[in-house]
Amino acid sequence: MRTLMQYANYKAAATQHKYAASNKAQAYTACYAAQYTQQQLQRVATLQALVIAAYARSTVYVNLRKQFATVKVHKPHSLDSANIKAHKALNAYCTQHNVKCVRTQTAILFRIK
């Protein structure tokens, strides 16, 4: 049986892991931002604006990587599906610009190459 102290240690370790992962993602984004052209960054900004409009109740992040850029919707809310007009605009943009949508248990990822 786990004691309260062990649970506190696990919770502290998980919090430190989230903080370290967030710092690492920010470092990657800062490192790879210089490799993107203004046109590519504009496409990422447009996608981010569309994702924010479609998922207004969720947290949206932009991650720039060496091979692709990702706009991440963290913990999408069920009420966000009610905004049909924004979702149609997002889907149209994704099909037009070859953006891949990947769904995980806790997030939705939009990847631009």
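Going by the structure above, here's the rest.
An account of the accompanying structure is given in this report. Since this is a predicted model, take the numbers as computed values, not measurements.

**Re helix 2 (residues 38-54)**
The end-to-end C-alpha distance of helix 2, which contains 17 residues, comes to 24 Å, matching closely the 24 Å that a straight helix rising 1.5 Å per residue would cover. Of all the positions in helix 2, only Val 44, Leu 47, Val 51 and Ala 54 are classed as buried. All buried residues of helix 2 fall inside an arc of 85° around its axis, so they share one side. Those residues of helix 2 that are exposed and aimed more than 90 degrees away from the buried face are Gln 38, Gln 39 and Gln 42. At its buried positions, helix 2 is contacted by strand 1 (59-64), strand 2 (69-74), helix 3 (84-96) and strand 4 (107-112).

**Considerations on helix 3**
Taking 1.5 Å of rise per residue, the 13 residues of helix 3 would be expected to cover 18 Å, and the 18 Å separating its terminal C-alpha atoms lies within 8% of that figure. Taken together, the buried positions of helix 3 are occupied by Ala 86, His 87, Leu 90, Tyr 93 and Cys 94. Projection of helix 3 onto a plane perpendicular to its axis shows the buried side chains occupying an angular sector of 125°, all on one side. Turned more than 90 degrees away from the buried face of helix 3, the exposed residues are Ile 84, Lys 85, Lys 88, Thr 95 and Gln 96. Contacts made by the buried residues of helix 3 are with helix 2 and strand 4. Where helix 3 terminates, the next one or two residues include Asn 98, which has phi positive at roughly 55°.

**Concerning the packing of helix 2 against helix 3**
Between two packed helices, both the angle of their axes relative to each other and the distance between the axes serve to describe the pair. Running from N to C, helix 2 and helix 3 cross one another at 150°; their axes reach a closest spacing of 8 Å. The angle between helix 2 and helix 3 places the two elements in the roughly antiparallel class. Crossing of helix 2 over helix 3 shows left-handed handedness. The residues of helix 3 that touch helix 2, namely those facing Arg 43, Thr 46, Leu 47, Leu 50, Val 51, Ala 53 and Ala 54, are Ala 86, His 87, Ala 89, Leu 90, Tyr 93 and Cys 94. Its residues assigned to classes, the contact of helix 2 with helix 3 comprises 10 nonpolar, two polar and one charged.

**Observations regarding the sheet that holds strand 3 (residues 100-103)**
With antiparallel pairing, the four strands of this open sheet are ordered in space as 1-2-4-3. The open sheet has two edge strands, strand 1 and strand 3, and neither has a second partner. In this sheet, neighbouring strand axes are inclined to one another by 20° on average, regardless of whether the strands run parallel or antiparallel. When strand 2 meets strand 4, the two strands line up antiparallel, connected through six bridges. By the bridge assignment for strand 4, Val 73 is matched with Ile 108. Those strands touched by helix 2 are strand 1, strand 2 and strand 4, and its axis lies near 165° from that of strand 1.

Reading the values: the criteria
- Residues numbered from 1 in each chain as written.
- Predicted model: local features only at pLDDT ≥ 70, side-chain atom pairs only at ≥ 80, totals over all residues.
- Heavy atoms only, no water.
- Helix = DSSP H or I, 4+ residues; strand = E, 2+ residues; numbered from the N terminus.
- Expected span 1.5 Å × (residues − 1).
- Buried < 20%, exposed > 50% of the residue type's maximum accessible area, 1.4 Å probe, protein only.
- Arc of directions from axis to C-beta.
- Contact = heavy atoms within 4.5 Å.
- Axes fitted to C-alpha atoms, helices over the stretch in contact; angles between N-to-C directions.
- Parallel < 35°, antiparallel > 145°, perpendicular 65-115°, else oblique.
- Left-handed = near helix turned anticlockwise from the far one by under 90°.
- Nonpolar A, V, L, I, M, F, W, Y, C, P; charged D, E, K, R; others polar.
- Pairing = 2+ DSSP bridges.

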